[in-house]
Amino acid sequence: MQYIILDTNIFYDNFFMESNRFKNIFTLNRSCNFKFVIPEFIFEETIKKYDDSLSKSEVFTNIAKIKKANKKYRIFEFDFDIPNNEIAVQKYREEFEKILDKNDVEIINYPKDENTVQEIAKKYFSNKKPFNKGKQSFQDAIIWHSIMDIFKNSKDLDILHFITTNYKDFAKNSDEKEILTDELSIDLTNYPNKTLMLYNNIDSFIEKNKKYIDEIENENKKQYEIQFNDKIEEIVK
């Protein structure tokens, strides 16, 4: 089985996963060979980033201006309440869960290994990836150990595709954004029969796995044509 994990930064520009890129991911997830999963930390961090982004925007200020102007000019024939940030974020959480559930995306719980915190601390104090000198990368460390937990506990896992724009903490350098850093590669030596593939963006992942997407879409098209023809035959009879 091939697992797909998207880092939090992949959701930044499309919080509701409506782009064709995400549709391709969902297409793969509906096949027998791919499984789109999201670690619980990434799920929660995506909601936090939505909250942060919404807080920095002027959405509520602009809505208030429209509401005030509408009282004067009556452009709209209805009035409306202005939601606050907390309500909007809770609504997003619910919608996010619905989208994942609708597309059979599994949320993987936080690592339960009692040594996880100790391992993260060791990397932090020794400045090992995903930590860097002068930068605290605890979020990335939790994500990485979530991935290692999946490696450890997922018996059906053969290949894990990890898509992240954060090459500074996961990749070798800016010229090798899709090659895992040596320090993190050491963690994978405990799982010789499993492979991690690193991608700097969804487009790169889709390009390298397009044959699978095309196969699934062609098969879906065939099934649709068969069902359509069967219905036509029933009508003719």
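Let us look at the structure shown here.

**Notes on helix H3 (residues 59-73)**
In an α-helix there are 3.6 residues to a turn, and that puts residues three or four apart on one side. In a regular helix each residue adds 1.5 Å, so 15 residues correspond to 21 Å; H3 covers 21 Å between its end C-alpha atoms and thus fits that length. One or two residues past the end of H3 sits Arg74, with phi positive at roughly 55°.

**A word on helix H4 (residues 85-102)**
With 18 residues, H4 extends 25 Å between its outermost C-alpha atoms, agreeing within 8% with the 26 Å of an ideal straight helix rising 1.5 Å per residue. Those residues of H4 lying buried are Ala88, Val89, Tyr92, Phe96, Ile99 and Leu100. The arc that holds the buried residues of H4, viewed along the axis, is 105°, so those residues lie on one side. Away from its buried face, by an angle of more than 90 degrees, H4 presents the exposed residues Glu86, Lys91, Lys98, Asp101 and Lys102. Of the surrounding elements, those touching the buried residues of H4 are helix H1 (20-29), strand S2 (34-39), helix H2 (40-56), H3 and strand S3 (106-108). Capping of H4 at its N-terminal end is provided by Asn84; its side-chain oxygen lies 3.2 Å from the backbone amide nitrogen of Glu86. Residue Asp104 follows H4 closely and has a positive phi angle near 60°.

**Section: the nonpolar core**
Counting 54 residues, the largest nonpolar core has Ile147, Leu160 and Leu196 as its most contacted members. Aside from chain neighbours lying at most four places away, what touches Leu160 is Tyr3, Ile5, Ile147, Ile150, Phe151, Thr195, Leu196 and Met197.

**A look at the packing of aromatic side chains**
In total, this model carries 16 aromatic pairs according to the counting rule given. The interplanar angle of 45° and the centroid separation of 6.3 Å between the aromatic rings of Trp144 and Phe170 together place this pair among those described as tilted. Residue Trp144 is found in helix H6 (residues 138-153), and its partner Phe170 is found in helix H7 (residues 167-170); the two are separated by 26 residues along the sequence. According to the relative accessible area criterion, Phe170 is buried, its value standing at 0%. On the basis of an interplanar angle of 85° and a centroid distance of 5.2 Å, the ring pair of Phe162 and Phe170 is categorised as edge-to-face. Across the pair, exposure class does not vary: Phe162 and Phe170 are buried alike. Three or more aromatic residues joined by ring pairs form one cluster here, namely Phe11, Phe15, Phe16, Phe22, Phe26, Phe36, Phe43, Tyr50, Tyr92 and Phe96. A cation sits over an aromatic face here: Lys177 above Tyr167, 4.7 Å from the ring centre.

**Focus on the packing of H2 against H6**
At their nearest, the axes of H2 and H6 sit 9 Å apart, and the two run at 145° to each other. Along its contact with H2, which presents Phe41, Ile42 and Glu45, the element H6 presents Gln139, Ile142 and Ile143. Classifying every residue of the contact of H2 with H6 by side-chain character gives four nonpolar, one polar and one charged.

**So, the pairing of strand S4 (residues 159-163)**
Two faces belong to every sheet, and in a regular strand the side chains alternate between them. With respect to burial, S4 is a largely interior element, four of its five residues being buried. One ladder, built from five bridges, connects strand S1 (residues 2-6) with S4; its direction is parallel. Across the sheet, residue Ile5 finds its bridge partner in S4, namely Phe162. When S4 meets strand S7 (residues 195-199), the two strands line up parallel, connected through five bridges. The partner of Phe162 across the bridge, within S7, is Leu198.

The rules behind each value
Residues numbered from 1 in each chain as written. Predicted model: local features only at pLDDT ≥ 70, side-chain atom pairs only at ≥ 80, totals over all residues. Heavy atoms only, no water. Helix = DSSP H or I, 4+ residues; strand = E, 2+ residues; numbered from the N terminus. Expected span 1.5 Å × (residues − 1). Buried < 20%, exposed > 50% of the residue type's maximum accessible area, 1.4 Å probe, protein only. Arc of directions from axis to C-beta. Contact = heavy atoms within 4.5 Å. Polar contact = N/O pair within 3.5 Å; in protein donor to acceptor, adjacent residues only side chain to side chain. Core = buried A, V, L, I, M, F, W, Y, C linked by side-chain atoms within 4.5 Å. Phe/Tyr/Trp six-rings, centres within 6.5 Å; stacked < 30°, edge-to-face > 60°. Lys NZ or Arg CZ within 6 Å of the ring centre and 35° of its normal. Axes fitted to C-alpha atoms, helices over the stretch in contact; angles between N-to-C directions. Nonpolar A, V, L, I, M, F, W, Y, C, P; charged D, E, K, R; others polar. Pairing = 2+ DSSP bridges.

These figures capture arrangement, not role.
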